[in-house]
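Each chain, written out:
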Amino acid sequence: TLAFYLEKKREEEAAHRRRQALVGKKSVTQDGREVHVCCNVGNCEDVQAALQNDCEGVGLFRSEFLYMGSESLPSEEKQYAQYARAARMLGKKLLVIRTMDIGADKQAACLPLPHEENPALGMRSVRLCRQRPEILLTQLRAVCRASAEGNVAVMVPMIVAAEEVRWVREMAAKVQGDLQREGIPFDKNMQIGVMIETPAAVLIADELAEECDFFSIGTNDLTQYTCALDRQNAKLEPFFNPHHPAVLRAIKMTIDAGHRHGIWVGICGELGADTALTETFLRMGVDELSMNAKSVLPVRKIIRSIDLSKPSDK
Ligand code: PEP
Ligand code: MG
């Protein structure tokens, strides 16, 4: 047994050394298509791990952890400190901050929600913000201020209507107007994007694309809502097919709609790290893949082995 595990350890160390050789290299296919391989993070320590694994940016900063770890709603200053630090750590690399995705599987003591029969279909994310706009305004102020410290974008989860995006944009414009009057610096060109994680968002992706600067596909929720499979229910495992053709088709439709309107499209759900699908996503035209830090170099290795000019054998 000892010999077996020592051999496994040696193999893993050798694989690690081979992956390290990819640090500093581009995530580019044999025929020259470049894709951005980014990381999903929940705090600045994760950003550190992302940078150590040579991420090309942060495609998803899960800001709700700031709320989940706090007895009271996080203040503008507390949020600003985290976002600005992450932005500075990343320098020119893009930092996509997701507005708080509280509700359903992510409950926060500082934001108690009434009991619901179906919380996954209930009061969560942007819906909560519409009910309590002051929460979004505080968060947007912190994000906009942090945008002066690096390359920051903001994205909104659980979108189902173009009108929701227009409302968020109005909120952002109000915050930026206030900052301007107060002489506080911010990036006037900060990108505003949305997560595509509901079938409704996929079906109206053309309309949504007119309202925003990028899409990031949340395949965890998109799979849950497309296949009507509760992502929290372990008993449903036998029915779960992460490569369900409906989900893959929804991803392709989203990428096509985004590109028709000249915006970039990424994937930040778990599927982004699934190397069995990397070539499929590249052939669909995806621009960015965002994942856990450990997956960056393995995914880059696969991307660099792909030749999109040759017919797929998949
Ligand atoms: C997703 O739904 O794919 C996603 C990235 O968001 P979360 O898993 O945090 O809901
Ligand atoms: Mg989600």
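Rules used throughout
Residues numbered from 1 in each chain as written. Chains lettered and ligands numbered in written order. Predicted model: local features only at pLDDT ≥ 70, side-chain atom pairs only at ≥ 80, totals over all residues. Heavy atoms only, no water. Near = heavy atom within 4 Å. Polar contact = N/O pair within 3.5 Å; in protein donor to acceptor, adjacent residues only side chain to side chain. Areas by Shrake-Rupley, 256 points an atom, 1.4 Å probe, with all protein chains shown as cover. 1 Å grid on protein atoms, 1.4 Å probe; cavity = no way out; pocket = protein on both sides within 12 Å on 5 of 7 lines; lining within 4 Å. Sits in = over half its atoms within 2 Å of the grid points. Donors = N, O, S within 2.8 Å, 3.2 Å for Na, K, Ca; no water. Helix = DSSP H or I, 4+ residues; strand = E, 2+ residues; numbered from the N terminus. Buried < 20%, exposed > 50% of the residue type's maximum accessible area, 1.4 Å probe, protein only. Pairing = 2+ DSSP bridges. Salt bridge = Lys/Arg side-chain N within 4 Å of Asp/Glu carboxyl O.

(A) The site of ligand 1, seen in detail. Taken together, 14 residues sit near ligand 1, with Arg 98, Lys 106, Gly 218, Asn 220 and Arg 231 positioned nearest. A distance of 2.9 Å separates an oxygen atom of ligand 1 from a polar side-chain atom of Lys 106. Between ligand 1 and Asn 220, the relevant distance is 2.7 Å, taken from an oxygen atom to a main-chain nitrogen or oxygen of the residue. Burial of ligand 1 by the surrounding chains reaches 99%, relative to a free accessible area of 290 Å². Assessed atom by atom at 2 Å from the grid points, ligand 1 resides in the largest cavity.

(B) Highlighting the coordination of the magnesium ion (ligand 2). The protein atoms donating to the magnesium ion (ligand 2) are Glu 197 (OE) and Asp 221 (OD), with metal-donor distances spanning 2.1 to 2.2 Å. Of this pair, Glu 197 sits in the loop between β5 (191–196) and α8 (199–203) while Asp 221 sits in helix α10 (residues 219–227), and the two are 24 residues apart along the sequence. A relative accessible area of 2% places Asp 221 in the buried class.

(C) Region of interest: the pairing of strand β6 (residues 214–217). Here β6 shows two buried faces, one formed by Phe 214 and Ser 216 and the other by Phe 215 and Ile 217. Relative to β6, β5 runs parallel, the two being bridged by 4 bridges. By the bridge assignment for β6, Met 195 is matched with Ser 216. One ladder, built from 4 bridges, connects β6 with strand β7 (residues 264–267); its direction is parallel.

(D) Up close: the pattern of salt bridges. Scanning all chains against the criterion turns up 28 salt bridges. A salt bridge links Glu 64 to Arg 98, with the shortest nitrogen-to-oxygen separation between them at 2.5 Å. With Glu 64 in helix α3 (residues 64–68) and Arg 98 in strand β3 (residues 94–98), this pair connects stretches of sequence that are 34 residues apart. In this structure, Arg 181 engages Asp 178 in a salt bridge whose closest nitrogen and oxygen atoms are separated by 2.6 Å. Note that Arg 181 and Asp 178 are positioned in helix α7 (residues 162–182) at a spacing of 3 residues, about one turn of the helix. It is possible to trace a salt-bridge network through shared partners that takes in Glu 64, Arg 98, Asp 101, Asp 105, Lys 106, Arg 124, Asp 221 and Arg 231.

These figures come from the coordinates and say nothing about function on their own.
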